[in-house]
Protein chains: 2
Amino acid sequence: MNTMDYMQELGKQARAAARHLAVATTERKNTALLRIADAIESRAAHLIEANQKDLAAGTSKHLEPALMDRLELTPARIGAMANGLRQVAGLADPIGTITDLMYRPSGIQVGKMRVPLGVVGIIYESRPNVTADAAALCLKSGNAAILRGGSEAIQSNQAIAACIKTGLEQAGLPCTSIQVVETTNRDAVGELIRMPDYVDVIVPRGGKGLIERISAEATIPVIKHLDGICHVYIDDRADLDKACNIAFNSKTQRYGTCNTMECLLLAAGIAEAVLKLLAPLYREAGVEIRGCKKSRAILPDIKAATEADYATEYLAPIMSLKIVTNMEEAIRHIATYGSQHTDCIVTEDYSRARQFLREVDSSSVMVNASTRFADGYEYGLGAEIGISTDKFHARGPVGLEGLTSQKFIVLGDGHIRT
Amino acid sequence: MNTMDYMQELGKQARAAARHLAVATTERKNTALLRIADAIESRAAHLIEANQKDLAAGTSKHLEPALMDRLELTPARIGAMANGLRQVAGLADPIGTITDLMYRPSGIQVGKMRVPLGVVGIIYESRPNVTADAAALCLKSGNAAILRGGSEAIQSNQAIAACIKTGLEQAGLPCTSIQVVETTNRDAVGELIRMPDYVDVIVPRGGKGLIERISAEATIPVIKHLDGICHVYIDDRADLDKACNIAFNSKTQRYGTCNTMECLLLAAGIAEAVLKLLAPLYREAGVEIRGCKKSRAILPDIKAATEADYATEYLAPIMSLKIVTNMEEAIRHIATYGSQHTDCIVTEDYSRARQFLREVDSSSVMVNASTRFADGYEYGLGAEIGISTDKFHARGPVGLEGLTSQKFIVLGDGHIRT
């Protein structure tokens, strides 16, 4: 079978499975999740064996060390995968939830019932645990899924797919509910993102290049985020200790994540006091600072920031720094250079906090907290399928609810419209 | 200026205006709505004059009578437009609303704040009142809008646009908040649906052909509905009176609307009793019935329904009829031939009502109520910009909330992630 026919076949099966999943009971979905977790744990040795083949192939292809690290399955990572599935089983089932059921003047009752989106296509790179995580979220939210992992993880992903199949069968759900693409042919992606009859939404997880290509070529909706150019603005009415803690944590807690601060904005009135405390900490942590003219008057040994620096997601121990006149200038800077991901103000001023929350147009807007909190687990979504910087449908960390929609329900007693 | 440059210019201005609208106070938005209403009423004579020009052009172009009717502005219709604006002013402002603000184990508070989508592009045909209605909904929901009406209504729409401009100026909002496209060049539509930098969502209102073309060609999200192939299923445990009332009202209250019933499904056990009461009513109303073999055994004088009939949105006094074994067959029929718009069960059986509500995958699912209720006003949304049969973002009647998104807000007190 050629790749196009193969993908169409997966699509047809997914659409059929989605009808079953949409009406599956919470108990049945949870049983599947727990059985998949059991299968993953009991076949740990087999998973590691399959993973060794991927690692060996990766070594011979001279994959980068960071990629090899993401690819590797260890007993601890396998345990974490199984626990992730169990955690999703423990989350509330959003499907069927009825809200806002109200009587209307006509006498009918109108409300909304939460329903699955249908079929979710997920395209990701290297990390095999995404296979289990994505399967769990789709299954719990009543969606069928077609998962397309990176070719470098094909053996690991197929071994995890076998566990998923076992769990689905044991729970009495169609084994085509979650399908992992078996071909590494790149045409499979092109086909997956152009099957509106069979796929309702695409979630790409990976580098900016992958996501840009998919967004440009897809004929179905894409839940995506591109850059995470996150800002911390320290207002002149900030508490100095909180400010330094938050700015340091936002940059250094992890460098490679999308919610890491890339640019620090300082109100002129507090800049010198902040930098006196903060610059040595960054220096000690090995963070390179690229600053504006005013900041270089305070820290003469730092590099000058260019326009390009302010628009860069470094994902590395590098950050830009700018001293601004006031909060309005900070908000304008964020609107101009930011990526609408996560931006924070540090201030003790009530009115400024309120204004910043309202006016900054980002998927997460924070007061006095580290940008590193922008995450599905930290927000209480239980898990996340990704972070959306779009405004359409889902924004910010996307958990179970982002994989659902709502239908209107109407309860009458013979009501007709006059 | 050529059409492309002109549309790009409108887009740039809309994007700039959107930033102001997103943070405009409720009071300022309401003032604009009320001033626009006043301007429309005080310039009624001028609007009718402009409309006469469109009507004259329509006559000389031999437009269809139905189209001419939709195009016409009467004093009553002008009054209704102004009242529509005042009603939207009276609706609650969704923007800035914070929900689900909860403490997390880390100590931060996480919630969601409702925000506008940004810039909405609306493409519609003939009816000039859409110009005022769409402007009102976009304005109240904090969105800038670019409105592209039909060329046959250009004079009327420009006259309404002038009223909108006046109201915006009087309220101190950018007069580019709501822009009505001044060119009738068809390339303007092609450009509008391909400006992702300036337009966030397209709402096409019109015939299926228009909507299909826009959906196929747009590079930005589209909130749309295609067909309204709505069903009423009368269960064998239905109350006969309610059943006949609902089936009659769903078909005959208006023929040309998307929530009109196009197919009646009858449980075999009740079919004869229902048809005995209902067939004479339909006959009297001049409704043509096209039925399955079993139904023709009861009503020998009706036409046979073809496969194509069950997949047709008649928008006319024609309907299809099918006798099914039970509810499961009715649900399968709806899944196969329906358009996921609005479907209703008539039954007194609790478990069947519950199952139908859960299993039918349509934007509105009803029990014992006329399909004609599927409407933004009837649902209490205040007004609607359209009805979506998509699942992504918004489904069913789309009111103010459908034109918004949510951002996460995080409130901390110096919290950092460990």
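To be clear, the structure that these remarks concern was listed above.
Residues numbered from 1 in each chain as written. Chains lettered and ligands numbered in written order. Predicted model: local features only at pLDDT ≥ 70, side-chain atom pairs only at ≥ 80, totals over all residues.

Turning to helix α3 (residues 44-60) of chain B, a few remarks are in order. At 3.6 residues per turn, the α-helix brings residues three or four places apart onto the same side. All names here are of chain B. For α3, spanning 17 residues, the distance from its first C-alpha to its last is 24 Å, which sits close to the expected 24 Å at 1.5 Å a residue. Considering only its buried residues, α3 is in contact with α2 (26-42), α4 (65-71), α5 (75-90) and α7 (154-170). After α3 finishes, the residue H62 shows a positive phi value of roughly 55°. (Helix = DSSP H or I, 4+ residues; strand = E, 2+ residues; numbered from the N terminus. Expected span 1.5 Å × (residues − 1). Contact = placed C-beta atoms within 7 Å.)

Here the focus is unusual backbone geometry. Of note, D100 of chain A is a non-glycine position whose phi angle comes to about 55°, a positive value. Mapped onto the elements, D100 of chain A comes out in strand β1 (residues 98-103). Judged by the 11 C-beta atoms lying within 10 Å of it, D100 of chain A is exposed. Phi angles above zero are rare outside glycine, and N368 of chain B is one such case at about 55°. By the element assignment, N368 of chain B lies in strand β13 (residues 364-369). (Buried ≥ 20, exposed ≤ 12 C-beta atoms within 10 Å, placed from the backbone.)

All names here are of chain A. Pairing in this open sheet of four strands is parallel, and the strands run β5-β4-β3-β6 from one edge to the other. Taken across any chain shown, the strands that pair with only one partner, and hence form the sheet edges, are β5 (178-180) and β6 (201-205). In this sheet, neighbouring strand axes are inclined to one another by 15° on average, regardless of whether the strands run parallel or antiparallel. In terms of strand pairing, strand β3 (residues 119-124) meets strand β4 (residues 144-148) through five bridges, oriented parallel. Directly across from I123, in β4, lies its bridge partner R148. On the sheet, helix α1 (residues 3-22) packs against β3, β4 and β5 and is oriented at approximately 145° with respect to β4. (Pairing = 2+ DSSP bridges. Axes fitted to C-alpha atoms, helices over the stretch in contact; angles between N-to-C directions.)

With that settled, consider the relation of the copies chain B and chain A. Placing chain B over chain A gives an RMSD of 0.0 Å and needs a rotation angle of 180°, together with 0.0 Å of translation along the axis. Such a combination of turn and shift is consistent with a two-fold rotation axis. Closest to the rotation axis within chain B is the C-alpha of H393 of chain B, separated from it by 1.9 Å. Here 100% of the interface residues in chain B have copies in chain A that are interface residues too; the copies meet face to matching face. (Least-squares fit on C-alpha atoms with pLDDT ≥ 70 in both.)

All right, on to the environment of T131 of chain B then. All names here are of chain B. Relative to the assigned elements, T131 resides in helix α6 (residues 129-140). T131 gets classed as buried once you count the C-beta atoms within 10 Å, which come to 27. Separated by 47 residues in the primary sequence, T131 and I178 have C-alpha atoms spaced 9.7 Å apart. Setting aside anything within four residues of it in sequence, one finds T131 in contact with L147, G149, N157, I160, A161 and V180.

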